[in-house]
Number of protein chains: 2
Amino acid sequence: MKRKVTLKQIAKELDVSISTVSKSLRNSPEISEDTRQKVQAFAKLYNYRPNNIALSLKNKKTKTIGIIIPEIVHHFFATVISGIEQVANENGYNVIVCLSDESFDKEVINMEMLANGSIDGFIMSLSKETQLKKDFHHIEEVINQGMPVVMFDRVTNEVLCDKVIIDDQLAAYEAVDFFIKNNFKKIGLVTTVDYVSVGKLRTDGYINALKDHDRTADDAMIVKIEDIENCASKIEKLLQEQKPDAIFAVNELFAVTTIKLANKMGLKVPEDLSVIGFTDGIISQFSTPSISTISQNGIKMGGRAAQMLIERLEMEEENELYRTELIETHLVERESTPTL
Amino acid sequence: MKRKVTLKQIAKELDVSISTVSKSLRNSPEISEDTRQKVQAFAKLYNYRPNNIALSLKNKKTKTIGIIIPEIVHHFFATVISGIEQVANENGYNVIVCLSDESFDKEVINMEMLANGSIDGFIMSLSKETQLKKDFHHIEEVINQGMPVVMFDRVTNEVLCDKVIIDDQLAAYEAVDFFIKNNFKKIGLVTTVDYVSVGKLRTDGYINALKDHDRTADDAMIVKIEDIENCASKIEKLLQEQKPDAIFAVNELFAVTTIKLANKMGLKVPEDLSVIGFTDGIISQFSTPSISTISQNGIKMGGRAAQMLIERLEMEEENELYRTELIETHLVERESTPTL
DNA sequence: TTTCAACACGCAAACGTTTTCGGCAGGCAC
DNA sequence: GTGCCTGCCGAAAACGTTTGCGTGTTGAAA
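Reading guide: rules and limits
- Residues numbered from 1 in each chain as written.
- Chains lettered and ligands numbered in written order.
- Predicted model: local features only at pLDDT ≥ 70, side-chain atom pairs only at ≥ 80, totals over all residues.
- Heavy atoms only, no water.
- Near = heavy atom within 4 Å.
- Polar contact = N/O pair within 3.5 Å; in protein donor to acceptor, adjacent residues only side chain to side chain.
- Helix = DSSP H or I, 4+ residues; strand = E, 2+ residues; numbered from the N terminus.
- Nonpolar A, V, L, I, M, F, W, Y, C, P; charged D, E, K, R; others polar.
- Core = buried A, V, L, I, M, F, W, Y, C linked by side-chain atoms within 4.5 Å.
- Buried < 20%, exposed > 50% of the residue type's maximum accessible area, 1.4 Å probe, protein only.
- Contact = heavy atoms within 4.5 Å.
- Least-squares fit on C-alpha atoms with pLDDT ≥ 70 in both.
- Domains from an automatic or database assignment.
- Phe/Tyr/Trp six-rings, centres within 6.5 Å; stacked < 30°, edge-to-face > 60°.
- Lys NZ or Arg CZ within 6 Å of the ring centre and 35° of its normal.
- Patch = residues over 30% accessible without salt bridge, like charges linked within 9 Å, V, L, I, M, F, W, Y side chains within 5 Å.
- Areas by Shrake-Rupley, 256 points an atom, 1.4 Å probe, with all protein chains shown as cover.
- Salt bridge = Lys/Arg side-chain N within 4 Å of Asp/Glu carboxyl O.
- Lys, Arg positive; Asp, Glu negative; His and termini not counted.
- Charge placed at Lys NZ, Arg CZ, Asp CG, Glu CD.
- Buried area = accessible area lost by both parts, 1.4 Å probe.
- Expected span 1.5 Å × (residues − 1).
- Arc of directions from axis to C-beta.

Peer 1: Outline the protein's contact with DNA strand D, supporting the account with residue identities and numerical values.
Peer 2: Close to DNA strand D lie 28 residues, the nearest being K23 and K58 of chain A together with T20, K23 and E30 of chain B. For DNA strand D, the fraction of atoms within 4 Å of the protein that belong to sugar or phosphate moieties is 59%. The separation between a phosphate oxygen of DNA strand D and a polar main-chain atom of L7 of chain A is 2.8 Å. A per-element tally of the surface near DNA strand D places helix α2 (residues 18–25) of chain A first, with 4 residues. Across the surface near DNA strand D, the residue classes tally to 9 nonpolar, 9 polar and 10 charged.

Peer 1: How would you sum up the nonpolar core? Please name residues and give values.
Peer 2: Counting 142 residues, the largest nonpolar core has F248 of chain A together with F248 of chain B as the members making the most contacts within it. Residues in contact with F248 of chain B, not counting those within four places in the same chain, are A172, A175, V176, F179, G188, L189, V190, R202, I276, G277 and F278 of chain B. Membership of the second largest hydrophobic core comes to 42 residues, among which are C98 and V142 of chain A together with F136 and V142 of chain B.

Peer 1: Lay out the relation of the copies chain A and chain B in plain terms, naming residues and giving numbers.
Peer 2: Each copy superposes on the other: chain A lies on chain B with an RMSD of 0.1 Å after a rotation of 180° and an axial shift of 0.0 Å. When the rotation and shift are considered jointly, the pair of chain copies conforms to a two-fold rotation axis. Comparing interface residues between copies, 100% of those in chain A also lie at the interface in chain B; the contact surface is shared.

Peer 1: Give a description of unusual backbone geometry that names residues and reports values.
Peer 2: Of note, the bond from T288 of chain A into P289 of chain A is cis; its omega dihedral lies within 30 degrees of zero at -5°. Within the element layout of this structure, P289 of chain A appears in the loop between α13 (282–286) and β10 (292–296). Phi at K60 of chain B is positive, roughly 55°, even though this residue is not glycine. In the Ramachandran plot, D153 of chain B falls in the positive-phi region, its phi being about 55° despite a non-glycine side chain. With respect to the helices and strands, D153 of chain B occurs in the loop between β4 (149–152) and β5 (162–166).

Peer 1: Run through the protein's contact with DNA strand C, naming residues and quoting values.
Peer 2: Around DNA strand C sit 28 residues, and of these S19, T20, K23, E30 and T35 of chain A come closest. Sugar and phosphate atoms represent 61% of those atoms of DNA strand C found within 4 Å of the protein. S19 of chain A is positioned such that a nitrogen or oxygen atom in its side chain is 2.7 Å from a base nitrogen of DNA strand C. In the model, a phosphate oxygen of DNA strand C is placed 2.9 Å from a nitrogen or oxygen of the L7 of chain B main chain. When residues in the surface near DNA strand C are grouped by element, the largest group, 4 residues, is from helix α2 (residues 18–25) of chain B. Looking at the surface near DNA strand C residue by residue, the class counts come to 9 nonpolar, 9 polar and 10 charged.

Peer 1: Any details on the domain arrangement of chain A? Residues and values, ideally.
Peer 2: Here chain A is described as being made up of domain 1 (7–50), domain 2 (63–165 + 298–327) and domain 3 (168–296). Relative placement of domain 1 of chain A and domain 3 of chain A: their C-alpha centres are 66 Å apart.

Peer 1: Before we move on, could you go through the packing of aromatic side chains and cite the residues and values that matter?
Peer 2: Residues and elements named next belong to chain A. Overall, the coordinates contain 12 aromatic pairs over all chains when judged by the stated rule. Taken together through their ring pairs, the aromatic side chains of F76, F77 and F152 make up a single cluster. For the cation-ring pair, R202 lies above F278, with the distance from its terminal atom to the ring centre recorded as 3.7 Å.

Peer 1: Any details on a negative patch on the surface? Residues and values, ideally.
Peer 2: Residue and element names in this part refer to chain A. Taken together, E316, E317, E318 and E320 make up a surface patch of like negative charges. You can see E317 is positioned in the loop between α14 (298–313) and β11 (324–327). The class for E317 is partly exposed, based on a relative accessible area of 48%.

Peer 1: Any details on the interface of chain A and chain B? Residues and values, ideally.
Peer 2: The interface of chain A with chain B comprises 55 residues on the first partner and 55 residues on the second. When chain A packs against chain B, the two sides together hide about 4,800 Å² of surface, and 56% of this comes from carbon and sulfur. Of all residues in chain A, I53, N116 and F286 of chain A give up the largest surface area on contact with chain B, accounting jointly for 13% of the area buried on that side. In this structure, the connection of chain A to chain B is made through 2 salt bridges.

Peer 1: Which residues make up the environment of A175 of chain B, and what values go with them?
Peer 2: Residues and elements named next belong to chain B. As for its placement among the helices and strands, A175 is situated in helix α9 (residues 168–181). Judged by relative accessible area, A175 falls into the buried class, the value being 0%. Expressed as a C-alpha distance, the spacing of A175 and S292, which sit 117 residues apart in the sequence, is 9.6 Å. Setting aside chain neighbours within four positions, we find A175 in contact with F248, I276 and I294.

Peer 1: I'd love a proper account of helix α6 (residues 104–115) of chain B, names of residues and values included.
Peer 2: Residue and element names in this part refer to chain B. Its 12 residues give α6 an end-to-end C-alpha distance of 16 Å, which sits within 8% of 16 Å, the value for a rise of 1.5 Å per residue. Within α6, burial applies to F104, E107, V108, N110, M111, L114 and A115. Taken down its axis, α6 places every buried residue within 165° of arc, on the same side. Two to three positions downstream of the cap, the backbone nitrogen of D105 sits 3.3 Å from a side-chain oxygen, assigning the N-cap of α6 to S103. G117, located one to two residues past α6, shows a positive phi value of around 100°.

See below:
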């Protein structure tokens, strides 16, 4: 086993100083052609590669981006990571991934862990618990220490930083608008509890769309789900008692669950019930019927977030001007809505 | 903005030496109660945290695990990462994720990038291209440099290292065995091209199960798919010409695609055709009908891989004895197979 | 022969830690 | 008064880099 070779070892072997070796490898004109070639040959032979940690310490840059997300076993977040990783890689950055598991404490611990020099900046999406507690001091703190943060998807207005989101409210509006324009009468909503920021926005979009068409949003037509495991009865109740002809669900899990329950009750989708979901993930594509949905391009979102972070990292002067970028969405029509 | 405070700054403020500060914070008995308290109070006030990079350089340990996988937008790999992250976190490790995108070159570049000090060890699954080329010198190299590697799922016998896999052949055998025991006559196989290691093993399991029951594996009953985008015609041909009553598919994408095509041809699942897939992912759970499948616990797989790696990292003496651990699988019966 | 520039290289600091060792002062025993 | 021990602290090395600056040697010009 041959261990990694260092400048010091090369210097010793060739009987020159460490600085000579370093300069030779970096093609400094200070060094004679002769020794330079000798050193380079030797370095190549022993496959010398500078130690990243030492470079990080010296340069005070790690070329590493920290990602903190609630879950990775979630297609949307996986696509975002994929987008981040791609852009990061193109720019010579690595990504280090931490999962908060929707827990405030884990989010805080992970941030503190990474903030102590391991990374140059954060890309994150808030955990549910953090959104519930509205406690963002851990984020404020790293920003105060001069470490840039880019938030995506689940963001908050209470923290000043770059953000990249979709227009959740508008997207939801468009889905409901689609229903209204196509003459659906009783449009139900399956959404999250209000403290989930994106859920709330999508709920607002639903309500506004109805209002703008002179309909009232009836609370009986709205189901707010806290826990996906125990949501069946609530959705069944909505389907049974209100007999909606269309359902807008704020994520694909809610959409597919609604469809499954409807099927069990003898309702055919899309004949008896039309469904539009949110997030164009695996489920929407492959379930039967495939689900019409608001596409939310995670790859693009992650890519933009990474770009914004890297731009800020490589700016000379600091800039207090924070941007919020919108990633466009659109309705993907599939089998769960009728072709008209 | 207050930047991160260092030992040096504390030392200067309190007019003591750096070593005194360091020792005070680590509760060394060398330091008087008095100064110790003073230093600790000051450090707490300014929220001192040791710099990870400096510690890594000094200790020659980064407490970071490098993960290299073909894709993250793939439920199985996401669950594996989740499992790795959990165990890593419990042991004070972080994970840094790189994606090879199924490309040999990206796999090599990523490994070289991380091997230069950024991480303590690798957990990886081979890219398709690497499996095709059978070129593993990049892996041999990092192992030679004393950096432990744990491979999972897509592994190779040509590299000596710890591995964690499922018994792909046995699992496939059991799926086919299930069909045979339940009196299915014409059992088809939808699999990958042979160079994908796990695909080949599952194919072998299929063949062996047939042989053991005195049936011959007919090539006409086997479809080998290179590219999921252009597989429809091949599968349709199998369904049409051979009229199988059961299909074993080596992953869930193949399974759901087969079901969709069968539906299009007017075949009902499971009445006219039974299907068993592989990998208990989102698709299998939520498609209609839900798909019977061989469950492959990614969380457990990742967890075991992380344990093996960390054990090896924290061993004193080096140990050339490499283990291959098997994660058990089982058949999850759902709607795509008849209840008997 | 002296002077000076160019050339080639080494020294040392710096990044932020931890830890070994040595030193200084005070107190105690003789 | 001398010697020694102990308690407390600081200097310095080490991890692996990069880089500004100092220095010695060489050759040519004066």
